Amino acid sequence: MCDVLFCGFAPLTPLSSYQPGPASHTPLIVKSDDVCAFKFVILKEMVTTPEQQPRSDEPNPVLCNKYKYRRLLLPPFAVSLFATALGLGIYSHLQKTADPWKSKWKSGGSSTNRDRQRVKGEVNKHSEVRTRGLIEMRRGTDGWSKSDGQLKTFPDRQTALLTAIKEILEAPDEAVSMGAAEQKAKNFFKSCMNAESREKMGSEPFLTLLQQLGGWAVSGVWNQTDFNSTLALLMGQYSTFPFFNVYVGPEPSEEQSASNRHYIQIDEPHFQFPIEWNSKTQKAKANTRYLRPFYSACGQYLVLLGVPSDRTTQHCGLFVSLSTTLAVATFPLPYRLSQKLLYRRTTIQELQTLAPAVDWLACLQATFQPLLISKSDIVLVHNLPYIIHMSKTIHLWQVQHELMGTGPLNTYMIFSLLQTLIPALDSRFFQIMRNYSIATGDTQEMPHWWRCVQQTERGFDTLLSHAIREKHAQKEAEELIQDVYSSLKKKLTDLSWRDEKESDFILNKINSLNPRISTNTNNLSYTELNHLYEKVILNEEDFFSNYLQILLLEQKSRARLLSLGTQTEGLSMTPFISGNDIIVPVGMFVSPFFHSSYPRALNYGTLGSLMAKDLLHLLLPDIYTKAKNPETESLCVWSHYLSVTKGPGWGDAFYLPSSKQQEVWVQYSALQVALDAYKMSFKRYLADSSLPGFSYVHLFLSSFTKVTCDTDAYREFMPLEPSFLVTVLCSNSGLCPKPLTCMNKPQSFPAEMCQS
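Residues numbered from 1 in each chain as written. Predicted model: local features only at pLDDT ≥ 70, side-chain atom pairs only at ≥ 80, totals over all residues. Heavy atoms only, no water.

1. Some words on the packing of aromatic side chains
- Per the stated rule, a full pass over the model turns up 27 aromatic pairs.
- Ring centres of Y678 and F682 lie 5.2 Å apart, and the angle between their planes is 75°; this geometry places the pair in the edge-to-face category. Each of the two residues, Y678 as well as F682, counts as buried.
- Through a chain of ring-to-ring contacts, three or more aromatic side chains come together here, namely W216, F227, F243, F271, F273, F294, F319, Y412, F415 and Y436. (Phe/Tyr/Trp six-rings, centres within 6.5 Å; stacked < 30°, edge-to-face > 60°. Buried < 20%, exposed > 50% of the residue type's maximum accessible area, 1.4 Å probe, protein only.)

And the structure:
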């Protein structure tokens, strides 16, 4: 194949119409495709038929003239050849030194055939699901077209992650796999999906467990178990926290020291009914509108558990009364922040003095076994007034009902255990819970597979985090993180700050953090993962017992977090700070937001912009008060928006609250950061693949517009549609081949861009 530029003479006519004749001697550059034809013509010109051949006894003027012409043409041909070689050298040098991003940017060029074939080959190597996802992105980003009567949109990030985990759990066994640990996760998921076995078991598994716990007063069979021993058992073996919540996490004040230390944290519990807050009296109370269905649900549960109807009234009444008595001491988060009730440091011994009704040491030792917990250990309390009120309430109810034998505290704890175990019981229990949720206004319905994925993750979080990284987040993911964070630092460095000391503090913090995709638990080998789950024994026909083992795995994970100070991301979908690192969860790197076979324009336009937005919210939640640019730039965008939608002169007519001004700046900055990060990627790779009909920039901006329109988590704070941010970015430039919009209406371009 001829693939070299050639310096020749007159342009060649098509071979089909070629007629031998005198050649014109006008110099030109012949394209590579013409070189082969040129050589073919020369060869054809030198081949003649026998009739055309001259006799040997006749003079051959053509042959004589050939040598004459060759002598005449040799000098100019040599000069042309030298000029071509020199031109090729200069062209090659310019190609190597030119900025490939700018050349592609200006031309708006789409991918070459070679790029397209390479991408096609890459996509074909992956599963049909990914190919379908890429094709749908192609359809969705251009014109928001419908396929099969349905509008193709990005799913929310949680749905995308759960779908990716479901694919892992349903994937056929391969020759190379994680071994026993992966198989156990698949078996648990399979047993969860098998609803038929749970329906056959009915309420029997829970009743059997009740007998093992010593019964309860509702049934009339109760051995008067000790309050604290029952509470410790529920917390340690069943991840049930009736009166207060317990979890593990860092202390915000220590984040600046890059400490990985985690603390036991004690908080108010989650109540099953809505709680109203009166800002005038600064007191909470249960919403009476929902107490009747709450009481009704209690009675329905007791019926399923075989409790006679004449006993339900008293015990459900006591259960509702105790619940509402505890709830009045809860406080909403804004109030707790204003009163500095969060992260109150205290020792377990001090907590025992303040709230003596609970045996704190015994309960926390059970929760974090086999770790050694001592009275001098520091715990962080998030609502100490509630904890004190809870202790007093427990003591009062113990005194009042001890002689009556009604056991309302025990009943309260058993009902809390029932709520924990409802996912493992037959559908009648779930339907009661679902009906009550609907009565309180929660109408969102979860598919059964969705719940099973979440329950699988509850115990196999470390394994699934590892599996997602192996399957989705490879080298390309690391590169995207580094590009986005480098671009973000550049953006923040260029800001105009209100205070120099504040500026130095923030920039030093940003520069000291290291963004990374993995935590220590992601680096476990297959052998270590198998060892982590070696004691798990599952039965596909007994989901209830399987679920109890998941609760034990959750307890071990909680103790491991307290001991090691590292955590798996689980189903996290946004970055978080851990010590001196910014952990970007592997759960972010799933299709259709990201895949290594996608064009980088799509990856950076979708996940790159989402990541930039998440990082800005994480690192600079109050940037509006720290720097001058957010106000200036957001008002500039808002002014342009009003001039386009309302007409000239409306720039100051509508006031934009500071929270919305900040969000406009965050989203516009996220677009700029992601675009700059995409540009950085060209320093490693001088080209990108694309989709038919798309230039690099068009695919990037279309991807940003579509993902922001479909899945914007901060939509309530945005006063304008996200596509207008692209309009501002593209103004007075040739970057946008056509307007990109969330709605079926054209957009005008403002007169100028809003820049930092």
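Now that the structure is up, let's keep going.
2. What about the state of the cysteines?
- This structure, assessed with the given rule, holds 2 disulfides.
- Paired by a disulfide, C192 and C452 hold their sulfur atoms 2.1 Å apart. Residues C192 and C452 are joined through a disulfide that is left-handed, its torsion about the S-S bond being -85°. Placement of C192 in helix α7 (residues 180-193) and of C452 in helix α19 (residues 448-471) is noted, with a sequence separation of 260 residues between them. The pair C192 / C452 is uniform in exposure class, with both members buried.
- Here C298 engages in a disulfide with C316; their sulfurs sit 2.2 Å apart. On the sign convention where negative means left-handed, the S-S torsion of about -90° between C298 and C316 marks this disulfide as left-handed. With C298 in helix α11 (residues 291-304) and C316 in helix α12 (residues 309-327), this residue pair connects regions lying 18 residues apart in the sequence. The same class applies to C298 as to C316, namely buried. (Disulfide = S-S within 2.5 Å. Helix = DSSP H or I, 4+ residues; strand = E, 2+ residues; numbered from the N terminus.)

3. Comments concerning the pattern of salt bridges
- Counted by the stated rule, this structure contains 22 salt bridges.
- Across the pair E268 and R336 runs a salt bridge, and its minimum N-O distance is 3.9 Å. Residue E268 is found in the loop between β8 (263-267) and β9 (275-278), and its partner R336 is found in helix α13 (residues 333-338); the two are separated by 68 residues along the sequence. Exposure class is identical for E268 and R336. Each is buried.
- For K475, the salt bridge identified is with E479, shortest N-O distance 3.9 Å. Taken together, the residues K475 and E479, both in helix α20 (residues 475-493) and 4 residues apart, mark about one turn of the helix.
- Looking at E479, the relative accessible area reads 13%, which means it is buried.
- What you see here is one network of salt bridges that share partners, running through K475, E479, D483 and R684. (Salt bridge = Lys/Arg side-chain N within 4 Å of Asp/Glu carboxyl O.)

4. Regarding the nonpolar core
- The biggest cluster of nonpolar side chains holds 180 residues, and the ones touching the most others in it are F243, F244, I387 and F589.
- Sorting elements by how many residues they give to this core places helix α27 (residues 658-681) first, with 11 residues.
- Among all residues touching I387, those that are not within four sequence positions of it are F244, I266, L351, A355, W360 and V381. (Core = buried A, V, L, I, M, F, W, Y, C linked by side-chain atoms within 4.5 Å. Contact = heavy atoms within 4.5 Å.)

5. Brief notes about the sheet that holds strand β14 (residues 576-578)
- Pairing is mixed in the open sheet, where 3 strands are placed in the order β13-β15-β14. Each edge of the open sheet carries a strand with a single partner, namely β13 (514-516) and β14. Each strand axis lies, on average, 35° off the axis of its neighbour in the sheet, ignoring direction.
- Sheet topology note: the β14/strand β15 (residues 581-583) ladder contains 3 bridges and is antiparallel. The residue of β15 that forms the bridge with I577 is I582. (Pairing = 2+ DSSP bridges. Axes fitted to C-alpha atoms, helices over the stretch in contact; angles between N-to-C directions.)

6. Quick look at helix α16 (residues 384-401)
- Given a rise of 1.5 Å per residue, 18 residues ought to cover 26 Å, and the 26 Å separating the end C-alpha atoms of α16 matches this to within 8%.
- Residues of α16 that are buried: L384, Y386, I387, M390, S391, T393, I394, W397 and H401. (Expected span 1.5 Å × (residues − 1).)

7. Digging into the pairing of β9
- Examined bridge by bridge, β9 and strand β10 (residues 283-286) share 4 bridges and lie antiparallel to one another. Across the sheet, the residue bridging to N278 is K283, located in β10.
- Counting the residues in the hairpin turn of β9 and β10 gives 4 residues, including Q282, whose phi is positive at 55°.

8. Quick word on the environment of L488
- Within the secondary structure, L488 is located in helix α20.
- Judged by its relative accessible area of 1%, L488 falls in the buried class.
- Along the backbone, L488 and A674 are 186 residues apart, and their C-alpha atoms lie at a distance of 8.5 Å.
- Discounting chain neighbours no more than four positions away, the residues touching L488 are L615, L616, L619 and V673.

9. Focus on the environment of L302
- The topology assignment puts L302 in helix α11.
- Judged by its relative accessible area of 0%, L302 is buried.
- C-alpha separation for the pair L302 and F415, spaced 113 residues apart in sequence, amounts to 9.7 Å.
- Aside from chain neighbours lying at most four places away, what touches L302 is W216, V218, V307, T312, C316 and F415.

10. Side note on the confidence of the model for the protein
- Per-residue confidence for the protein gives a mean pLDDT of 77; residues scoring 70 or more make up 72%.
- This stretch, residues 1-70, has a pLDDT under 50; its non-local contacts, to residues over four places away or in other chains, come to 49 contacts.
- Here residues 743-753 is modelled with pLDDT under 50, and outside its nearest four sequence neighbours on either side it reaches 25 contacts, counting other chains as well. (pLDDT = per-residue confidence, 0-100.)

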